[in-house]
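Tertiary structure, described
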Amino acid sequence: MSPVAAYFILAFVAAAKAATLCTDANIELVARIVFGEARGEPALGQLAVAYSVVNRVAHPGYPNTVSAVVYQTYSGGLHQYNTLDDAHHNAAWNSAKAHNTVEYQHAKTAAGDALCGRKPDPTTCATDYCAHDPCLATSNNAYYEAYNKNHIGHHYFVCRRPVSG
């Protein structure tokens with residue numbers, strides 16, 4: 001499948017799911033990821049991180065709910081979104097939420113914009129990202145090829161398609 005076709009399929013699925021993804025509970029979950037992974041980044045970088053969750057929900061290689069994507073772990077029990085395993089990030093999130101800080105508000109805005117489809121996906125289809133490149137998240141693996149690499153904010157984002165062969 002061409003990257004253009006893959007993009008349109010993922011975009012269609014993401015748009016169709018936006019109606020079911022756009023809930024207060026999902027926005028709070030994704031905002032926690034954005035806060036921990038992209039706090040202090042420009043709005044576009046935060047939006048890109050939020051869309052990684054939306055794109056994973058639409059991708060056949062990941063669970064199909066926001067909660068399952070957010071809480072997905074590796075075989076060692078660590079979360080795929082590393083921020084969830086960092087006690088300092090958890091404390092900062094809880095404090096920011098309790099005080100309704102600007103950082104908390106920005107994370108919620110990015111999450112809502114992605115989950116509710118209010119702004120387009122700046123990555124076009126990314127499911128994976130990393131703060132440096134190359135890394136495991138931005139490289140090919142035995143099952144999926146990384147393509148459409150974008151550098152947005154402080155992260156490199158890639159889309160995934162099945163390895164053909």
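Cut-offs and rules
- Counting starts from 1 at the beginning of each chain's written sequence and moves along it residue by residue.
- Only residues with pLDDT of at least 70 get local features here, since the model is predicted, and only at 80 or more are side-chain atom pairs given and counted; chain-wide, interface and lining totals rely on the full set of residues.
- With hydrogens and water set aside, each side-chain value is computed from the structure's full complement of heavy atoms.
- In this analysis, rings of Phe, Tyr and Trp, with Trp reduced to its six-membered ring, are considered paired at centre separations within 6.5 Å, and the interplanar angle assigns stacked below 30 degrees, edge-to-face beyond 60, and tilted for intermediate values.
- The helix and strand labels rest on DSSP assignments: H or I over at least four residues marks a helix, E over at least two residues marks a strand, and numbering proceeds from the N terminus.
- Note on exposure labels: buried denotes an accessible area under 20% of the residue type's maximum, exposed denotes more than 50%, and partly exposed covers the range between, all computed with a 1.4 Å probe on protein chains only.
- Following DSSP output, two strands are said to pair if at least two bridges run between them.
- Between N-to-C directions, angles cover 0 to 180 degrees, with each direction set by a line fitted to C-alpha atoms, over the stretch in contact for helices.
- Small angles under 35 degrees read as roughly parallel and large ones over 145 as roughly antiparallel, with 65 to 115 read as roughly perpendicular and the rest as oblique.
- The handedness criterion is simple: a crossing whose near helix is rotated anticlockwise from the far helix by less than a right angle is left-handed, and one whose near helix is rotated clockwise is right-handed.
- For this analysis, residues touch if any pair of their heavy atoms sits within 4.5 Å.
- Note on residue classes: Ala, Val, Leu, Ile, Met, Phe, Trp, Tyr, Cys and Pro are nonpolar, Asp, Glu, Lys and Arg are charged, and everything else, Gly too, is polar.
- Polar contact criterion, stated in full: a pair of N or O atoms within 3.5 Å, where within protein one must be able to donate a hydrogen and the other to accept it, and residues adjacent in sequence count only if both atoms are side-chain atoms.
- We define the nonpolar core as a collection of buried residues of types Ala, Val, Leu, Ile, Met, Phe, Trp, Tyr and Cys that are connected through side-chain atoms lying within 4.5 Å of one another.
- When two cysteine sulfur atoms lie within 2.5 Å, the pair is treated as a disulfide.

Labelled according to an unreviewed UniProt entry, the protein appears under the name Cell wall hydrolase SleB domain-containing protein, originating from Potamilus streckersoni.

**Some details on the packing of aromatic side chains**
Applying the stated criterion across every chain, the model contains four aromatic pairs. Each ring, one from F35 and one from W93, has its centre 5.4 Å from the other, and the planes form 65°; the classification is edge-to-face. In this pair, F35 sits in helix 2 (residues 24-38) while W93 sits in helix 5 (residues 87-99), placing the two residues 58 residues apart along the sequence. Residues F35 and W93 agree in their burial class; the two are buried.

**Some words on the pairing of strand 3 (residues 155-162)**
Most of strand 3 sits out of view: six of its eight residues are buried. Pairing analysis gives three bridges linking strand 1 (residues 128-130) to strand 3, with the strands arranged antiparallel. Within the sheet, the bridge partner assigned to D128 lies in strand 3 and is V158. As paired elements, strand 2 (residues 144-152) and strand 3 share seven bridges and run antiparallel to each other. In the sheet register, Y147 faces strand 3, and the bridge partner there is C159. Counted between consecutive antiparallel strands, the loop separating strand 2 from strand 3 contains two residues, among which G153 sits at a positive phi close to 60°.

**A few points about the packing of helix 3 (residues 43-58) against helix 6 (residues 102-115)**
Running from N to C, helix 3 and helix 6 cross one another at 45°; their axes reach a closest spacing of 8 Å. Between helix 3 and helix 6, the crossing angle belongs to the class labelled oblique. Helix-helix and strand crossings are classified by hand; for helix 3 and helix 6 the assignment is right-handed. The residues of helix 6 that touch helix 3, namely those facing Q46, L47, A50, Y51 and V54, are H106, A107, A110, A111, D113, A114 and L115. Taken together, the residues of the contact of helix 3 with helix 6 break down into nine nonpolar, two polar and one charged.

**Description of the environment of E37**
Locating E37 in the fold gives a position in helix 2. If we ignore the near neighbours within four places in the chain, the residues touching E37 are V49, Y81, N82, T83, Y129 and H155. A polar atom in the side chain of E37 sits 3.1 Å from the backbone nitrogen of T83.

**A short note on the nonpolar core**
V30 and V66 are the most contacted members of the largest nonpolar core, which totals 36 residues. Counting only elements with at least two residues in this core, the list comes to helix 2, helix 3, helix 4 (66-70), helix 5 and helix 6. Leave out the neighbours within four places in its chain, and V66 touches L21, N26, L29, V30, V53, V57 and L115.

**Examining the state of the cysteines**
Taken as a whole and judged by the stated rule, the model has three disulfides. In the protein, the cysteines engaged in disulfides, taken in order along the sequence, are linked 1-2, 3-6, 4-5.

**Examining the sheet that holds strand 1**
Adjacent strands of a sheet form backbone hydrogen bonds with each other and so pair up, either parallel or antiparallel. With antiparallel pairing, three strands are arranged side by side in an open sheet as 1-3-2. The open sheet has two edge strands, strand 1 and strand 2, and neither has a second partner. When strand polarity is set aside, the average angle formed by the axes of neighbouring strands in this sheet is 30°.

**Comments concerning the side chain of S52**
Here S52 lies in helix 3. With a relative accessible area of 0%, S52 lands in the buried category. A polar atom in the side chain of S52 sits 2.9 Å from the side chain of Y81. Each residue touching S52, except ones within four places of it in the same chain, is listed here: Y81, A126, T127 and Y129.

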